[in-house]
Amino acid sequence: MEFREPPIAETAMLIRRQVAEVFEAIVDPALTTKFWFTHSSGRLDEGKPVEWEWRMYGVSTKVEVSEIVPNEKIVMQWSDPPTTVVWTFTEMPDEATFLEIRNFGFAGPGDEQVKKAVESTGGFSLVLAGAKAWLEQGLTLGLIGDRHPKSVSA
């Protein structure tokens, strides 16, 4: 499979909270664990590697931030082989934030890259939905943990 452009996972969501609060929810694992991963070795900081864990699945990944612009952008590499994830935070009227996520740089044959991009889009869409519910309503929906229940085969 040949591409004119490589596949990119893209998703976005309006979150009705101030941009500083939404940004902090992504960089501070004490907050992020409310809607995404279960454990982290530390806060996201430029050039400082951390490890994120999803203990319900027995998986983890190394994350390294290559750029942080507070309340505007996070650029990180994660996964194996690594891909790039760009988080863009746009301040909106009425103390809201538009959070966009782009994940790219998938490796492998064309069909495998497309499959990874589609899976990533779905995963990051759940992250945004969970973040929105937690930040706006204080609800922990358990979306990530419920995505692949043990009793359902893949």
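Relevant structure appears above.
Read on for an overview of the structure. Everything numeric here is computed off the predicted structure, so don't read it as measured data.

Concerning the overall build of the protein chain
- Helix and strand counts for the protein chain stand at four helices and seven strands.
- Counting only C-alpha atoms, the protein chain reaches 45 × 40 × 30 Å along its principal axes.
- The buried share among the 154 residues of the protein chain stands at 36%.
- By element, 52% of the accessible surface of the protein chain is carried by carbon and sulfur atoms, the whole surface being about 8,800 Å².

Some thoughts on the side chain of Asn103
- Here Asn103 is to be found in strand β7 (residues 96–104).
- For Asn103, a relative accessible area of 2% corresponds to the buried category.
- In this structure the side chain of Asn103 is engaged in a polar contact, spanning 2.6 Å, whose partner is the side chain of Ser120.
- Discounting residues that sit within four places of it in the chain, Asn103 has contacts with Ile8, Ala9, Trp78, Thr83, Thr84, Val85, Ser120 and Phe124.

Brief notes about the pattern of salt bridges
- One pass over the structure, following the stated rule, counts eight salt bridges.
- Note that Arg55 and Glu53 form a salt bridge whose closest N and O atoms lie 3.0 Å from each other.
- Between Glu112 and Lys116 there is a salt bridge, and its shortest N-O distance comes to 3.1 Å. Taken together, the residues Glu112 and Lys116, both in helix α3 (residues 110–137) and four residues apart, mark about one turn of the helix.
- On the accessibility criterion, Glu112 (35% relative accessible area) is partly exposed.

Describing the nonpolar core
- By size, the foremost hydrophobic cluster in this structure holds 32 residues, and its most contacted members are Trp36, Trp52, Ile74, Trp78, Trp87 and Phe89.
- Of all elements in the fold, only α1 (19–27), β3 (50–54), β4 (59–69), β5 (73–78), β6 (83–92), β7 and α3 reach the threshold of two or more residues within this core.
- Leave out the neighbours within four places in its chain, and Phe89 touches Val19, Val22, Phe23, Ile26, Asn71, Glu72, Lys73, Ile74, Thr97, Phe98 and Leu99.

Details of the sheet that holds strand β2 (residues 39–40)
- Judged by pairing direction, the sheet is antiparallel, and its seven strands sit side by side in the order β1-β7-β6-β5-β4-β3-β2 without closing on themselves. Of all strands in the sheet, those bounded by a partner on one side alone are β1 (9–15) and β2.
- In this structure, β5 lies alongside β6, joined through six bridges in antiparallel fashion. Paired with Met76 across the strands is Val85, a residue of β6.

Some remarks on the packing of aromatic side chains
- The tally for this structure, following the rule as stated, stands at 15 aromatic pairs.
- When the ring of Trp78 is compared with that of Phe124, the centres are 5.6 Å apart and the planes differ by 40°; the resulting orientation is tilted. Here Trp78 is found in strand β5, whereas its partner Phe124 is found in helix α3, with 46 residues between them in sequence. For the residue pair Trp78 and Phe124, the accessibility class agrees, reading buried in each case.
- Following the ring pairs from residue to residue traces out a cluster consisting of Trp36, Phe37, Trp52, Trp54, Trp78, Trp87 and Phe124.

Details of the layout of surface pockets
- Size it by volume and the largest pocket reaches roughly 1,000 Å³.
- As for the largest pocket, its lining consists of 25 residues, of which Trp78, Glu119, Ser120, Gly123 and His148 are closest to the centre.
- If you list the elements that add at least two residues to the lining of the largest pocket, you get β4, α3 and α4 (143–147).
- Looking at the lining of the largest pocket, its residues break down into twelve nonpolar, nine polar and four charged.

Concerning a nonpolar patch on the surface
- A cluster of nonpolar residues, Phe3, Val114 and Val118, forms a patch on the protein surface that exposes about 230 Å² of accessible area.
- Tracing the sequence through the fold places Phe3 in the segment before β1.
- Given a relative accessible area of 33%, Phe3 falls into the partly exposed group.

Analysis parameters
- Residues numbered from 1 in each chain as written.
- Predicted model: local features only at pLDDT ≥ 70, side-chain atom pairs only at ≥ 80, totals over all residues.
- Heavy atoms only, no water.
- Helix = DSSP H or I, 4+ residues; strand = E, 2+ residues; numbered from the N terminus.
- Buried < 20%, exposed > 50% of the residue type's maximum accessible area, 1.4 Å probe, protein only.
- Areas by Shrake-Rupley, 256 points an atom, 1.4 Å probe, with all protein chains shown as cover.
- Polar contact = N/O pair within 3.5 Å; in protein donor to acceptor, adjacent residues only side chain to side chain.
- Contact = heavy atoms within 4.5 Å.
- Salt bridge = Lys/Arg side-chain N within 4 Å of Asp/Glu carboxyl O.
- Core = buried A, V, L, I, M, F, W, Y, C linked by side-chain atoms within 4.5 Å.
- Pairing = 2+ DSSP bridges.
- Phe/Tyr/Trp six-rings, centres within 6.5 Å; stacked < 30°, edge-to-face > 60°.
- 1 Å grid on protein atoms, 1.4 Å probe; cavity = no way out; pocket = protein on both sides within 12 Å on 5 of 7 lines; lining within 4 Å.
- Points joined across faces, edges and corners; volume = space filled by probe spheres on them.
- Nonpolar A, V, L, I, M, F, W, Y, C, P; charged D, E, K, R; others polar.
- Patch = residues over 30% accessible without salt bridge, like charges linked within 9 Å, V, L, I, M, F, W, Y side chains within 5 Å.

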